[in-house]
Amino acid sequence: EDQVTQSPEALRLQEGESSSLNCSYTVSGLRGLFWYRQDPGKGPEFLFTLYSAGEEKEKERLKATLTKKESFLHITAPKPEDSATYLCAVRGGGNQFYFGTGTSLTVIP
Amino acid sequence: NAGVTQTPKFRVLKTGQSMTLLCAQDMNHEYMYWYRQDPGMGLRLIHYSVGEGTTAKGEVPDGYNVSRLKKQNFLLGLESAAPSQTSVYFCASSYGGEQFFGPGTRLTVL
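Heads up: these notes are all about the structure in this document.

Concerning the overall build of chain A
Along the backbone of chain A there are 0 helices and 11 strands. Ordered by position in the sequence, the α and β elements of chain A form the string β-β-β-β-β-β-β-β-β-β-β. Relative to its length of 109 residues, chain A is compact, with a C-alpha radius of gyration of 13 Å against a globular reference of 13 Å. Seen along its three principal axes, the alpha-carbon backbone of chain A occupies a region of about 45 × 30 × 20 Å. By the burial criterion, 47% of the 109 residues in chain A qualify as buried. Of the contacts formed within chain A by residues at least 6 apart in sequence, a portion of 55% connects residues at least 24 apart. If you sum the accessible surface of chain A, you get close to 5300 Å²; carbon and sulfur atoms cover 47% of it. The average position of the 12 basic charges and that of the 14 acidic charges among the side chains of chain A differ by 4 Å.

Some words on the interface of chain B and chain A
Opposite the 22 residues of chain B that make contact, chain A presents 18 residues. At the boundary of chain B with chain A, total buried surface from both sides reaches about 1500 Å², with 55% on carbon and sulfur atoms. For the chain B face of the interface with chain A, the top three residues by lost area are B:Leu43, B:Glu98 and B:Phe101, together amounting to 28%. The interface formed by chain B and chain A holds 0 salt bridges in total. At the junction of chain B and chain A, the tally comes to 3 residue pairs in polar contact (both at pLDDT 80 or more). Only strand E4 (31-38), strand E5 (42-49) and strand E10 (99-101) of chain B provide two or more residues apiece to the side of chain B that touches chain A. In the side of chain B that touches chain A, the residues fall into 11 nonpolar, 8 polar and 3 charged.

Reading the values: the criteria
Residues numbered from 1 in each chain as written. Chains lettered and ligands numbered in written order. Predicted model: local features only at pLDDT ≥ 70, side-chain atom pairs only at ≥ 80, totals over all residues. Heavy atoms only, no water. Helix = DSSP H or I, 4+ residues; strand = E, 2+ residues; numbered from the N terminus. Rg over C-alpha atoms; globule rule 2.2 N^0.38 Å. Buried < 20%, exposed > 50% of the residue type's maximum accessible area, 1.4 Å probe, protein only. Contact = heavy atoms within 4.5 Å. Areas by Shrake-Rupley, 256 points an atom, 1.4 Å probe, with all protein chains shown as cover. Lys, Arg positive; Asp, Glu negative; His and termini not counted. Charge placed at Lys NZ, Arg CZ, Asp CG, Glu CD. Buried area = accessible area lost by both parts, 1.4 Å probe. Salt bridge = Lys/Arg side-chain N within 4 Å of Asp/Glu carboxyl O. Polar contact = N/O pair within 3.5 Å; in protein donor to acceptor, adjacent residues only side chain to side chain. Nonpolar A, V, L, I, M, F, W, Y, C, P; charged D, E, K, R; others polar.

And the structure:
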């Protein structure tokens, strides 16, 4: 069964304190791993797509990496505006997407 | 472009009432999806469509029906609402890769 697990559930960082979020997955025939950002009361906003092990994508203070079993979202020198819930999703052999429960990130000034 | 829009934004129903949620996209995407988001459960797929006139069941389809009569619209129906359907509902569209989400509909069933 396709499954996505994210850790930690919640993370509090001081401004400038770098860290990483984890997304581990089991899926038959990975057709993409996706990272989203979700602010309270809003829909998820797309960040990155990764397709194969070893692939990396960067955007401002965020960098996503992918291995055969997990993905990491690295946050370098975070700012308070990076506070949000970060969601990971995988697309398997069909047309369905499976989401993790997310990591709630709080960056303290 | 408006992207993905959802109506209504909020709704309160009584048990047994019916309603339809409307999702519209202006990006000419083939794929459209309906999710529900509950605390601690993450986003769960209800139904999805890979093109006009087609629909398929997702992870949690019971109690819901959908229709995709036009490419730009995807409707989610609740025939007889139950308190367990209290949730935030998100619609998304895709060309086959990443999904673009609407702002959500907060539904409460009393």
